[in-house]
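# Working through the structure, step by step
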Number of protein chains: 2
Amino acid sequence: MSAPLKVSIRRFEAADWPQLWPLLRTTFEAGDTYAYAPDSREADIRTVWTEAPAATFVACGPDEQIIGTYFIKANQPGLGSHVCNCGYVVAPAAQGRGIAAAMCEHSQREAVAMGFRAMQFNLVVSTNERAVRLWQWLGFSVVGTLPRAFHHRRLGYVDALVFYKELVT
Amino acid sequence: MSAPLKVSIRRFEAADWPQLWPLLRTTFEAGDTYAYAPDSREADIRTVWTEAPAATFVACGPDEQIIGTYFIKANQPGLGSHVCNCGYVVAPAAQGRGIAAAMCEHSQREAVAMGFRAMQFNLVVSTNERAVRLWQWLGFSVVGTLPRAFHHRRLGYVDALVFYKELVT
């Protein structure tokens, strides 16, 4: 891990999209962390990342360049809507410098402010060791294992994990 | 359990909706099995139950009356789309007569025919003992427990279970 990088986290604005899309496209193309199809279309990803969620944020480095992003949304409707779901992406060149951790801490505060009581990650790829370690370090528990639920682009079918953390008790 | 009732299961057709909606509304109003808000609007439920899924089926009794229904859809996009998700509803007057079991067996065959490799239920209410027993009897495993993830209308926050079954190995 390199030296932590100080980031400022703010709400996504429409003008950010031209910077955000290459970051998301590169991540999803790899097919090793997110389920979105590696050849997803820009318009579809713009919808799922910036329009469908309750809120979308960007993390900016010292030069104001966007080096990370996350969304937050209810994981289920109605009687399950007190549990939120988030997705985080960090630019490959900026990984290992505490940006995902900073975004996850930020998202937990935002979640509580928005009235959510818990946070759930539905499909954490078991081979994504960096993420698995990080979520555990941040107080999330593995509450389930889904056998071969993720079709990894290089490794084929691999297990996925469900992570959960209660934010309000 | 009363005597099993023989049902015929077929694809949903638009003309079925006036029979289907009271069945779904009654189920969701109870707020003890599904997350859909108890006061959900008809148009929203019609979309989630009959338009958003890959397929919707109805189970008809001897007099052709609709006494059950289920949907089937991919549980995740792209690299998770080989795992399906189903939701089943049985008319209160017809419960305990094997209709959910018949629909679940039917849905597993349909799932395989549609190319799915596994089936996942994301939010089975832990206090819904009938469902918990049935899914286990039909070969599903509890792969996760989500603490207080369901806001039960009578009981408050209760745990929800994640069930999973591999259909192709």
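Given the structure is predicted, the values throughout are model-derived calculations rather than measurements.

What counts and what doesn't
- Residues numbered from 1 in each chain as written.
- Chains lettered and ligands numbered in written order.
- Predicted model: local features only at pLDDT ≥ 70, side-chain atom pairs only at ≥ 80, totals over all residues.
- Heavy atoms only, no water.
- Phe/Tyr/Trp six-rings, centres within 6.5 Å; stacked < 30°, edge-to-face > 60°.
- Helix = DSSP H or I, 4+ residues; strand = E, 2+ residues; numbered from the N terminus.
- Buried < 20%, exposed > 50% of the residue type's maximum accessible area, 1.4 Å probe, protein only.
- Salt bridge = Lys/Arg side-chain N within 4 Å of Asp/Glu carboxyl O.
- Contact = heavy atoms within 4.5 Å.

Before going further, it helps to examine the packing of aromatic side chains. The relation between two aromatic rings is expressed through the spacing of the ring centres and the mutual angle of the planes. All names here are of chain A. Taken as a whole, this structure holds 30 aromatic pairs over all chains when the rule is applied. Aromatic pair Phe 28 and Trp 49: ring centres 6.0 Å apart, planes at 50°, arrangement tilted. Placement of the pair is Phe 28 in helix 1 (residues 17-30) and Trp 49 in helix 2 (residues 42-51), with a sequence separation of 21 residues. The two residues Phe 28 and Trp 49 agree in class, both being buried. Judged by centre distance (4.8 Å) and plane angle (90°), the rings of Trp 49 and Phe 71 are edge-to-face.

Here we take up unusual backbone geometry. With a phi close to 75°, Glu 64 of chain A is a non-glycine residue in the positive phi region. The topology assignment puts Glu 64 of chain A in the loop between strand 2 (55-60) and strand 3 (66-74).

It is possible for side chains of opposite charge to pair when their charged atoms get near one another. Across all of its chains, the model carries eight salt bridges over all chains by this definition. The salt bridge partner of Asp 44 of chain A is Arg 41 of chain A, with a shortest N-O separation of 3.2 Å. Arg 41 of chain A sits in the exposed class, given a relative accessible area of 57%. Arg 148 of chain B is the salt-bridge partner of Glu 166 of chain A, the closest N and O atoms lying 2.7 Å from each other. Here Glu 166 of chain A is found in strand 7 (residues 156-166), whereas its partner Arg 148 of chain B is found in strand 6 (residues 141-152) on a different chain. Since its relative accessible area comes to 25%, Glu 166 of chain A is described here as partly exposed.

This part covers the environment of Phe 12 of chain B. Residue and element names in this part refer to chain B. Structurally, Phe 12 can be placed in the loop between strand 1 (8-11) and helix 1 (17-30). Linking Phe 12 and Ala 55, residues 43 residues apart in sequence, is a C-alpha distance of 8.1 Å. The residues touching Phe 12, leaving out its near neighbours within four places in the chain, are Trp 17, Leu 20, Thr 50, Thr 56, Phe 57 and Val 58.

Since the α-helix packs 3.6 residues into each turn, any two residues three or four apart lie on the same face. Taken as a whole, helix 4 (residues 129-137) of chain B has its buried residues at Ala 131, Val 132, Leu 134 and Trp 135 of chain B. Trailing helix 4 of chain B by a residue or two, Gly 139 of chain B shows a phi angle of about 95°, which is positive.

Structurally, the position occupied by Leu 79 of chain B is in the loop between strand 3 (66-74) and strand 4 (83-90). Judged by its relative accessible area of 10%, Leu 79 of chain B falls in the buried class. Non-local contacts of Leu 79 of chain B, meaning those with residues more than four positions away in its chain, are made with Gly 31, Tyr 34, Ala 35, Pro 38, Ala 149, Phe 150 and His 151 of chain A.

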